[in-house]
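# Coordinate analysis (summary)
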Amino acid sequence: MARLLAFEWDAREARLVVARTTGKSVEVEQAFTVPLAESEESAADGPATESRGAELGPRLAAACRERNVGRCQALVTVPRGKIELRVLQVPPAPDEELPELIRFQALRQFTSLGEDWPLDFVPLQSADPQQVRVLAAAVAPTVVDEVRQVCEALDSPPTSLVLRPFAAASFFSRFTAADRCRLMVELFAEDADLNVVAAGQVLLLRSVRLPAHDRDAALVGEIRRTLAAARNQLGDQAVEAVMLLGGATELGSLPQVLRDQLKLEVELFDPLDGAQLAAEARRSLADRSGRFAALLGMVYDEAEERRHGIDFLKPRQRPIPPSRKRRYTAVAAAAATVLLVLGGLIAWQFQGYSRRLADLQTESKNLDGPVKAAEKVRGEVAVIDAFTAGDVNWLDELHGLSKKFPAADEALVDVATFTSRTEGGGLLYLEGYVREPGIIEKMESQLRDARRQVTGSGTTFDERQPEYRWQFKERIVVLPPEREEAVDE
């Protein structure tokens, strides 16, 4: 029998679940929240900042003492916004070598990954048998230290630090048919997680910030952008339904708004319906029940000894080989005997090998000049090939984008980054601001065509801007001519 304490926090509140496991069965003893913001009004005055471990730990410890929680095993989630995430492709390799291969590739492609950053990954389906696709995630050591500070104050050692969308998807998939591709929507005080899930696997992760006013309209726009990104990244696998996590009190009129505007099937799932929880606790959490899916998912995975999808405290690593001391001792003894027997033969042959080695060294030295000349030519050819493969006329590209970009009174670009790719084509990153969030969807639709693949990475409300208050980030893939022809076909 084990007692588990699953918790997470954001700028507004901390959420905690206390459970007892017996075998693979789970009994949820308590589920409650601890307010962190001073008030709704003060939190709305400016961007909310999440409590640090040294400040948060004592507050959660006091709340647990009031409820006689005691010492437990701690399970903690980390949100999408605190990690770096990439889809990586590597050559096929044995399972024991894959973790090191993924980390090597991640060090080249991640923006700020360090040697001491915990990194974990989950395999993805790949249409190319010559490539292994994985979804890799890394978290800064400062985030792990913060979690350990909180767990130390709670006197509950941390056993898992799980990426929140994977824990929520694990719990959600226990109660729904796994043969459909759904967009799972989790609503929090100021944010929302939009995750595409199929067969219990998280295929696409997004975390967006929502305005305090007109939340439903902003969420509809973000869902549409997520569906567009899913079409670009998932190919033939289309999102069939939207799944809202939460109860009727929490969701309000949102389900009907989504049905009317998205023309998609909208399903509802209350995570607390899948847990054995006291009626009083269930009533107290009626307006935020959808926020507990990830915590319940971690608890049930732990009880069933199921590996968490992304766990930064237990990342996938090369297995430690078993001790082979006895075997090595026997092999060494046998080798010593063989060496004694063959020692005379080796000494007799040594002189002949030495003469042959001298001849080969002389021959190798005579080939040094031609080899160096060939290597120089090969390097020059490689540089020319790389330049030709990444040949993009950026002036023409800018001219074409400018014609399709929204008017100056609707949007402006703050940062533009151009990169040619060695395999052909290029990447264009745009960062800027728009007057209204709906302009982003319009802009993406206008820029997207057979030559350009446009993917948005979220919308941020920036009240410091006088007129253009919505920040956007767009990634535009410019296909090379041969890829463009393939798309047209």
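Residues numbered from 1 in each chain as written. Predicted model: local features only at pLDDT ≥ 70, side-chain atom pairs only at ≥ 80, totals over all residues. Heavy atoms only, no water.

### Focus on the sheet that holds strand β2 (residues 13-22)
- The five strands are arranged β3-β2-β1-β4-β8 in an open sheet whose pairing can be described as mixed. Edge positions in the sheet fall to β3 (25-35) and β8 (158-163), since each of these pairs with one other strand and no more. Going across the sheet, the axis of each strand differs from the next one's by a mean of 20 degrees, ignoring polarity.
- Across the sheet, helix α5 (residues 164-173) is in contact with β1 (2-9), β2, β4 (73-78) and β8; its angle to β8 comes to roughly 90 degrees. (Pairing = 2+ DSSP bridges. Helix = DSSP H or I, 4+ residues; strand = E, 2+ residues; numbered from the N terminus. Axes fitted to C-alpha atoms, helices over the stretch in contact; angles between N-to-C directions. Contact = heavy atoms within 4.5 Å.)

### Examining the sheet that holds strand β17 (residues 470-478)
- Spatially, the four strands line up as an open sheet ordered β14-β15-β17-β16, and their pairing is antiparallel. The sheet terminates laterally at β14 (411-420) and β16 (452-461), the two strands that pair on one side only. With strand direction ignored, the average angle separating the axes of adjacent strands in the sheet is 15 degrees.
- Contacting β15 (426-434), β16 and β17, helix α14 (residues 438-447) crosses the sheet at an angle of about 15 degrees to β17.

### Quick notes on helix α3 (residues 98-109)
- A rise of 1.5 Å per residue sets the reference length of α3, with its 12 residues, at 16 Å; its end C-alpha atoms lie 16 Å apart and thus fit the reference within 8%.
- All of the buried residues along α3 are L98, P99, I102, Q105 and A106. Here the buried residues of α3 occupy an arc of 130 degrees about the axis, which is enough to place them on one side. Summarising the geometry of α3, the exposed residues directed more than 90 degrees from the buried face are F104 and R108.
- Here the buried face of α3 lies against β5 (83-90), β6 (119-124) and β7 (132-139). (Expected span 1.5 Å × (residues − 1). Buried < 20%, exposed > 50% of the residue type's maximum accessible area, 1.4 Å probe, protein only. Arc of directions from axis to C-beta.)

### Thoughts on the pattern of salt bridges
- Summed over all chains, the structure comprises 37 salt bridges.
- Among the salt bridges present, the one from R316 reaches D120, with a minimum N-O distance of 3.4 Å. Taken as a pair, R316 in the loop between α10 (293-303) and α11 (325-366) and D120 in strand β6 lie far apart in primary sequence, 196 residues in all.
- Since its relative accessible area comes to 26%, R316 is described here as partly exposed.
- A salt bridge links E267 to R182; the nearest nitrogen and oxygen atoms lie 2.7 Å apart. Linking E267 in strand β13 (residues 265-269) with R182 in strand β9 (residues 181-187), this pair joins segments that are 85 residues apart in sequence. (Salt bridge = Lys/Arg side-chain N within 4 Å of Asp/Glu carboxyl O.)

### Overview of the state of the cysteines
- Using the criterion set out here, one finds zero disulfides in the structure.
- No disulfide involves C72; its sulfur sits 7.6 Å from the nearest other cysteine sulfur, which is in C64. (Disulfide = S-S within 2.5 Å.)

### Observations concerning the pairing of β4
- Within β4, five of the six residues are buried, leaving the element largely enclosed by the surrounding structure.
- Both β1 and β4 contribute to a ladder of four bridges, which runs parallel. Paired with L4 across the strands is Q73, a residue of β4.
- Two strands pair when backbone bridges link them, and β4 and β8 are joined in this way by five bridges, in the parallel orientation. Bridged to A74 within β8 is P158.

### A word on the packing of helix α6 (residues 215-234) against α14
- Direction vectors running N to C along α6 and α14 enclose 20 degrees, while the axes themselves pass 9 Å from each other. The angle between α6 and α14 places the two elements in the roughly parallel class. The way α6 lies across α14 gives a crossing that is left-handed. Each of G221, R224 and R225 in α6 lies in contact with α14, whose residues at this interface are I440, E441 and E444.
- When the residues that make up the contact of α6 with α14 are grouped by side-chain class, the tally is one nonpolar, one polar and four charged. (Parallel < 35°, antiparallel > 145°, perpendicular 65-115°, else oblique. Left-handed = near helix turned anticlockwise from the far one by under 90°. Nonpolar A, V, L, I, M, F, W, Y, C, P; charged D, E, K, R; others polar.)

### Some points on the environment of Q349
- Within the element layout of this structure, Q349 appears in helix α11.
- Put simply, Q349 and L272 are 77 residues apart on the chain and 79 Å apart in space, counted from C-alpha to C-alpha.

### Some words on empty space enclosed by the protein
- Enumeration according to the criterion identifies two cavities of 30 Å³ or more in this entry.
- Of the pockets and cavities examined, the largest cavity occupies roughly 70 Å³.
- In terms of lining, the largest cavity is formed by E8, W9, T77, V78, P79, K82, V143, E146 and V147.
- Going through the elements one at a time, β1, β4 and α4 (141-154) are the ones with two or more residues in the lining of the largest cavity.
- The biggest single contributor to the lining of the largest cavity is α4, with three residues.
- Residue composition of the lining of the largest cavity, grouped by class: five nonpolar, one polar and three charged.
- Elements with a contribution of two residues or more to the lining of the second largest cavity: α5 and β10 (191-198).
- Taken together, the residues of the lining of the second largest cavity break down into six nonpolar, three polar and two charged. (1 Å grid on protein atoms, 1.4 Å probe; cavity = no way out; pocket = protein on both sides within 12 Å on 5 of 7 lines; lining within 4 Å. Points joined across faces, edges and corners; volume = space filled by probe spheres on them.)

### Here's the deal with the nonpolar core
- Counting 86 residues, the largest nonpolar core has F7, W9, L16, L60, I102, L163 and F312 as its most contacted members.
- Take this core: its biggest share by element is eight residues, from α10.
- Sequence-distant contacts of F7, that is, excluding residues within four places in its chain, are made with R15, L16, L60, A74, L75, V76, T77, V150, C151, L154 and L295.
- By size, the runner-up hydrophobic cluster in this structure holds 28 residues, among which are C181, A218, V220 and V242. (Core = buried A, V, L, I, M, F, W, Y, C linked by side-chain atoms within 4.5 Å.)

### A few points about the packing of aromatic side chains
- For the coordinates displayed, the defined rule picks out eight aromatic pairs.
- Aromatic pair F7 and W9: ring centres 6.2 Å apart, planes at 15 degrees, arrangement stacked.
- The exposure class of W9 is buried, given its relative accessible area of 7%.
- Site record: aromatic cluster; members linked through ring pairs are F171, F172, F175, F269 and Y300.
- Of note, R164 hangs over the ring of F188, and the distance from its end group to the ring centre comes to 4.1 Å.
- The ring of Y468 has R435 lying over it, and the distance from NZ or CZ to the ring centre is 5.0 Å. (Phe/Tyr/Trp six-rings, centres within 6.5 Å; stacked < 30°, edge-to-face > 60°. Lys NZ or Arg CZ within 6 Å of the ring centre and 35° of its normal.)

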